[in-house]
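Residue-level structural notes
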Amino acid sequence: MNKEQILKKYYGYDTFRDGQEELIDSILSGKDTFGIMPTGAGKSVCFQVPALILSGITLVVSPLISLMKDQVGTLNQMGVHAAYLNSSLTANQYRLALSYAREGRYKIIYVAPERLLTEEFLDFAKQADISMLSIDEVHCVSQWGQDFRPSYLKIIDFINQLPVRPIVSAFTATATKEVKEDVIRLLGLQKATVVTTGFDRKNLYFAVKSPKDKYAELDSYLKEHRNMSGVIYCATRKAVEEVSLRLEQEGYPVTRYHAGLSDAERHQNQDDFIYDVKPIIVATNAFGMGIDKSNVRFVIHYNMPKNIESYYQEAGRAGRDGERAECILLYGGQDVITNQLFIENNRENEELTDEMLEAVKVRDRERLKKMTFYCVTNDCLRHYILKYFGEKSEKACGDCSNCLTEYESIDITETSIKLIQCVLETRQRFGLMTIVDAVHGSKSAKIKQFRLEEYPSYNSLADITIPRLKQIMNHLVLSGYLELTNSEFSIVKVTAQGKELLEQKETIELKVSKEQKKKEKSSETRNNSKKKAVFSLDTNDKLFDELRVLRLSIARKEKVPPYIIFGDKTLLQMSQTLPTRKEEMLEITGVGEIKYEKYGEQFEEVIRRFQSNTEKK
Ligand code: ADP
Ligand code: ZN
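Bear in mind the structure is a predicted one, so any value in this text is a computation, not a measurement.

Details of the confidence of the model for the protein chain
When pLDDT is averaged along the protein chain, the result is 89; 94% of the residues meet or exceed 70. Looking at the elements of the protein chain, mean pLDDT is at its lowest for helix H21 (residues 520-531), recorded as 40, and at its highest for helix H2 (residues 20-28), recorded as 98. In the model, residues 516-539 has pLDDT below 50 throughout and makes 35 contacts with residues more than four positions away in sequence or in other chains.

What follows is the structure, given as C-alpha cells:
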C-alpha cells in the first residue's frame, strides 16, 4: 500500500495536511527527519504512516504515559498492532509485552525514554529489526524548552548501541531557534530534513478581555455555549477550587484538575472530561499535555499564563478536529504580579546552579513581559503570536477581538511627556504602577515613603483615569520610549528614543476602542463563522445527538474515549449527508475501512431509523 492508501484505509482521511507529505516522503527515502508543527497539525500521522510502510518495527519515544495510552488506543482502534512499554505496566505485563514484541506482533511500539537503556529493553532492541526511531515532543531534550527531561539526553546513547542505525525522526510544536539547534545536536540528527509548517491555526478565534468581574464574564460565556466541551485554565490550585466549585453549584457539568489532587481523583476527573461525562474542566497548567480530546470548543484562560509559549500550547488544545473553536484570555493586573512571584520563587529545577537560576529568571521575566504586551496590545492578536514565533503574517487577521473592535486614535503626546518626565525626575527607580500613582496624585504609603509628592510631576495628570494612564505607559513601553528592566521588580527606564521625545515633539497616538461599538459588518461575519461551529447546526441536531449516544455506548464498551471511536467532525458529516451504505460511509472523513468493519453498520442503522421516523411525521 502507498501512503495515500494507508491514510484512507486506516484513518479514513482523503488528503494530507500541510507538511505531512513532505515529512513522510523524507522518512521513506531513509533520511533523518525533523518536523516542527503546531499542536493539532497532525504530527502522529507523519511517523505512523511511514511506520506502516517500512519493513521493520518503529519505536516511538514519548514522554508521558497518558500520551502513549491515547495514541496506542487510537492505533488499535484503527486496526494497527501497537503497544506501549512504560511504568504503568506491572513487571509481568511488561515482560509479556516485550515477548510479544520479540515475536514481531507489533508494528509500532511506544516506549518511555527512561526504559531505553535498561538491560531488558536494550537486549530486545539489539536483536529486533528496527526501521525507525521516532521521538515525539522532542523539545524535552532541550533545557531551553518548557519540559526539559534529562532522560531525553540518553536517546543518542541508545541509538549508538544499536547494531544498525535506524532512521531517526523527531517532532515538536516548539519552534524557537535554541530548541531547534539543541534537537539536531543532542540527538545527533544526520543531514536531517527539517520541515516547519506555519504556526497559524486558522480555525481558532483569539480574544483578550479585561472584565471587572472575571467570574461573571465566564458565567455569561458558558451560558451562551452550553453543551460544548472546554477547558478553563487558572493560575493557582486555589483559583481552580474556587471557580470549579462556583460553576458546579450553578449546575454546570464541570470537573477540576490540579497537582494537589490524589492520583486517583486526577485520573477520574480527566476521564470524566475526556469521555464527555463532564465536558468542562477547570485546571492548572498541570493539565493538558497528552490530552488529544479533539472536540474542545473553547479554552478560556481565567488568568494570564507565564509566557506566549505556554499560552499558545494551552490555547491550542482547542479545535484539534479543525472545526471552529475559541481561545479567550481574561486579563487582570493581578495576573502579572502572580506570575512575577512564580518566577522569583521558582526552585523547581534543583539541578541548576545559582548562576543558571538567575539566567533562567532573566529569561522568564522577558517572556512574561511579552505575554503581558499580548494582553494590552490593540493590534492583531494572531499577528502578535505569529511574530513572536518568528513567522511572517498579515498585519490584521480580521478574526480576533482586536481586529473586530473599532478603534479611534487619540493624541497622547502631552501625557507621554509628563510620564517620561516623572520617570526621569524620580531617577528611574520605580515600577510602572508607582509612576502612574505619582502623576495621578495618590497618597499611598509608598508615595509618602519616597516623598514623591515633592516632585513637580506629582499630581500632574490627575484628570486622566488610572486604567488609561496604565494603558499609555504600556504603549510607551511597547513602542520603545520606555523600557522595563529584567530585575526582580520591573523598573521603568527611559530609552534614548524617550529622551528624544522631550526635545523634538513628534506626535504619539494611541488607539482606543470606541466603547461597545463593534463593527457591524464584523459581527455579521462572526455570526456566520459561528454557524460553522459544531453544535450550532439546527437541521440535524437530533440525529447528531443520537449518533453521539451510540458513540458513547461503544466507547464505554471498548473502554476508550468517544473521540477515538469517531471525531465530532465525522458524526457531524454523517448527520448532514445521511450515509446508509458502505460506499457512502467510506466517503465520510474519519471513516477508514477497519473502523467501518467494526462500527459502520451500527451507525447506518441509527441513520436509517432516523430517516424513517422523520418520513412518518
Ligand atoms: P499533533 O500531535 O500535531 O498535535 P495529532 O497528530 O494528534 O496532532 O492530530 C490532530 C488531529 O488531526 C487528530 O484527530 C488526527 O487524526 C487529525 N488529522 C491528522 N492528519 C489528518 C489529515 N490528513 N486529515 C484529517 N485529519 C487529520
Ligand atoms: Zn487579528
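From this point, the discussion proceeds with the structure in view.
A closer look at the packing of helix H1 (residues 3-11) against helix H3 (residues 43-53)
Contact geometry for H1 and H3: axes closest at 10 Å, N-to-C directions at 105°. Classified by the interaxial angle, the pair formed by H1 and H3 is roughly perpendicular. Contact residues: H1 offers Lys-3, Ile-6, Leu-7, Tyr-10 and Tyr-11, while H3 offers Val-45, Gln-48, Val-49, Leu-52 and Ile-53.

Quick notes on empty space enclosed by the protein
Per the stated rule, a full pass over the model turns up four cavities of 30 Å³ or more. If you go around the largest cavity, you meet 13 residues; those closest to its centre are Ala-173, Glu-309, Tyr-312, Gln-313 and Phe-389. Of the residues that constitute the lining of the largest cavity, the class distribution is six nonpolar, five polar and two charged. Mapping the lining of the largest cavity onto the domain boundaries places at least three of its residues in each of domain 1 (3-196) and domain 2 (204-404).

Things to note about the side chain of Asp-399
For Asp-399, the position within the fold is in the loop between helix H15 (381-388) and strand E14 (405-411). The class for Asp-399 is buried, based on a relative accessible area of 16%. Among the polar contacts listed, one links the side chain of Asp-399 to the side chain of Arg-324, at a separation of 3.2 Å.

Let's talk about the site of ligand 1
Taken together, 15 residues sit near ligand 1, with Tyr-13, Thr-15, Gly-40, Ser-44 and Arg-320 positioned nearest. One nitrogen or oxygen atom from the main chain of Ala-41 is found 3.5 Å from an oxygen atom belonging to ligand 1. A distance of 2.8 Å is found between an oxygen atom of ligand 1 and a side-chain nitrogen or oxygen belonging to Arg-320. Here ligand 1, which alone exposes 570 Å², has 84% of that area covered by the protein. With three residues, H3 is the largest single contributor of residues to the shell around ligand 1. In the shell around ligand 1, the residues fall into five nonpolar, six polar and four charged.

Description of the sheet that holds strand E10 (residues 254-257)
Reading across the sheet, the six strands line up as E8-E13-E12-E9-E11-E10 and stay open at both edges, with parallel pairing between neighbours. If you trace the sheet from one side to the other, it starts and ends with strand E8 (204-209) and E10, each paired once. Adjacent strand axes in the sheet meet at a mean angle of 15°, parallel and antiparallel pairs treated alike.

Let's talk about the state of the cysteines
In this structure the tally under the stated criterion is zero disulfides. Cys-234 carries a free sulfur, and the closest cysteine sulfur to it, the one in Cys-375, is 15 Å from it.

Thoughts on the sheet that holds strand E1 (residues 33-36)
An order of E3-E4-E2-E5-E6-E1-E7 is seen for the seven strands of this open sheet, with the pairing classed as parallel. Two strands in the sheet have a free side with no partner beyond their single neighbour: strand E3 (82-85) and strand E7 (193-196). Averaged over all neighbouring strand pairs, the angle between strand axes comes to 15°, with direction disregarded. Contacts between H2 and the sheet are confined to E1, strand E5 (130-135), strand E6 (167-172) and E7, with E1 contributing the most and set at about 165° to the helix.

Some thoughts on the pairing of E10
Pairing of E10 with strand E11 (residues 280-283) involves four bridges; the strand directions are parallel. Its bridge partner being in E11, Thr-255 is matched across the sheet by Ile-281. Taken together, E10, helix H11 (residues 263-274) and E11 constitute a β-α-β crossover, and its handedness is right-handed.

A look at the coordination of the zinc ion (ligand 2)
Coordination of the zinc ion (ligand 2) by the protein comes from Cys-380 (SG), Cys-397 (SG), Cys-400 (SG) and Cys-403 (SG), over a distance range of 2.3 to 2.4 Å. Here the zinc ion (ligand 2) binds four donor atoms, and the angle range of 101 to 118° at the metal identifies the geometry as tetrahedral.

Some remarks on helix H4 (residues 65-78)
Since one α-helical turn is 3.6 residues long, residues separated by three or four positions face the same way. The terminal C-alpha atoms of H4, which comprises 14 residues, lie 20 Å apart, in line with the 20 Å expected from a rise of 1.5 Å per residue. Along H4, the residues that are buried comprise Leu-67, Met-68, Asp-70, Gln-71, Val-72, Gly-73, Leu-75, Gln-77 and Met-78. Backbone geometry just downstream of H4 places Gly-79 in the positive-phi region, at approximately 95°.

Describing the pairing of strand E12 (residues 296-301)
For E12, the tally of buried residues reaches six of six residues, placing the bulk of the element in the interior. Sheet topology note: the E12/strand E13 (residues 325-330) ladder contains four bridges and is parallel. If you follow Ile-300 over to E13, its bridge partner there is Ile-328. Handedness of the β-α-β unit built from E12, helix H12 (residues 308-315) and E13 comes out right-handed.

So, the domain arrangement of the protein chain
Under the domain assignment, the protein chain is made up of domain 1 (3-196), domain 2 (204-404), domain 3 (407-517) and domain 4 (537-616). A straight line from the C-alpha centre of domain 1 to that of domain 2 covers 28 Å. Of the residues lining the interface, 17 residues belong to domain 1; the matching set on domain 2 comes to 16 residues. Surface buried jointly by domain 1 and domain 2 totals about 1,400 Å² across both partners, of which 51% is contributed by carbon and sulfur atoms. Viewed at the interface, domain 2 and domain 1 are joined by zero salt bridges. Here domain 1 and domain 2 share zero residue pairs in polar contact (both at pLDDT 80 or more) between them.

Here's the deal with the nonpolar core
Ranked by internal contacts, the top residues of the largest apolar core, which has 136 residues, are Phe-121, Phe-206, Tyr-374, Met-574 and Phe-603. In contact with Tyr-374, other than residues within four places in its own chain, are Phe-206, Val-208, Ile-308, Tyr-311, Leu-329, Leu-381, Tyr-384 and Ile-385. Counting 32 residues, the second largest nonpolar core, distinct from the first, contains Tyr-10, Leu-23, Val-80 and Met-132.

What counts, and where the lines are drawn
- Residues numbered from 1 in each chain as written.
- Chains lettered and ligands numbered in written order.
- Predicted model: local features only at pLDDT ≥ 70, side-chain atom pairs only at ≥ 80, totals over all residues.
- Heavy atoms only, no water.
- pLDDT = per-residue confidence, 0-100.
- Helix = DSSP H or I, 4+ residues; strand = E, 2+ residues; numbered from the N terminus.
- Contact = heavy atoms within 4.5 Å.
- Axes fitted to C-alpha atoms, helices over the stretch in contact; angles between N-to-C directions.
- Parallel < 35°, antiparallel > 145°, perpendicular 65-115°, else oblique.
- 1 Å grid on protein atoms, 1.4 Å probe; cavity = no way out; pocket = protein on both sides within 12 Å on 5 of 7 lines; lining within 4 Å.
- Points joined across faces, edges and corners; volume = space filled by probe spheres on them.
- Nonpolar A, V, L, I, M, F, W, Y, C, P; charged D, E, K, R; others polar.
- Domains from an automatic or database assignment.
- Buried < 20%, exposed > 50% of the residue type's maximum accessible area, 1.4 Å probe, protein only.
- Polar contact = N/O pair within 3.5 Å; in protein donor to acceptor, adjacent residues only side chain to side chain.
- Near = heavy atom within 4 Å.
- Areas by Shrake-Rupley, 256 points an atom, 1.4 Å probe, with all protein chains shown as cover.
- Pairing = 2+ DSSP bridges.
- Disulfide = S-S within 2.5 Å.
- Right-handed = clockwise from strand over helix to strand, strands pointing away.
- Donors = N, O, S within 2.8 Å, 3.2 Å for Na, K, Ca; no water.
- Tetrahedral: all angles 85-135°; square planar, octahedral: opposite > 155°, others 65-115°.
- Expected span 1.5 Å × (residues − 1).
- Buried area = accessible area lost by both parts, 1.4 Å probe.
- Salt bridge = Lys/Arg side-chain N within 4 Å of Asp/Glu carboxyl O.
- Core = buried A, V, L, I, M, F, W, Y, C linked by side-chain atoms within 4.5 Å.

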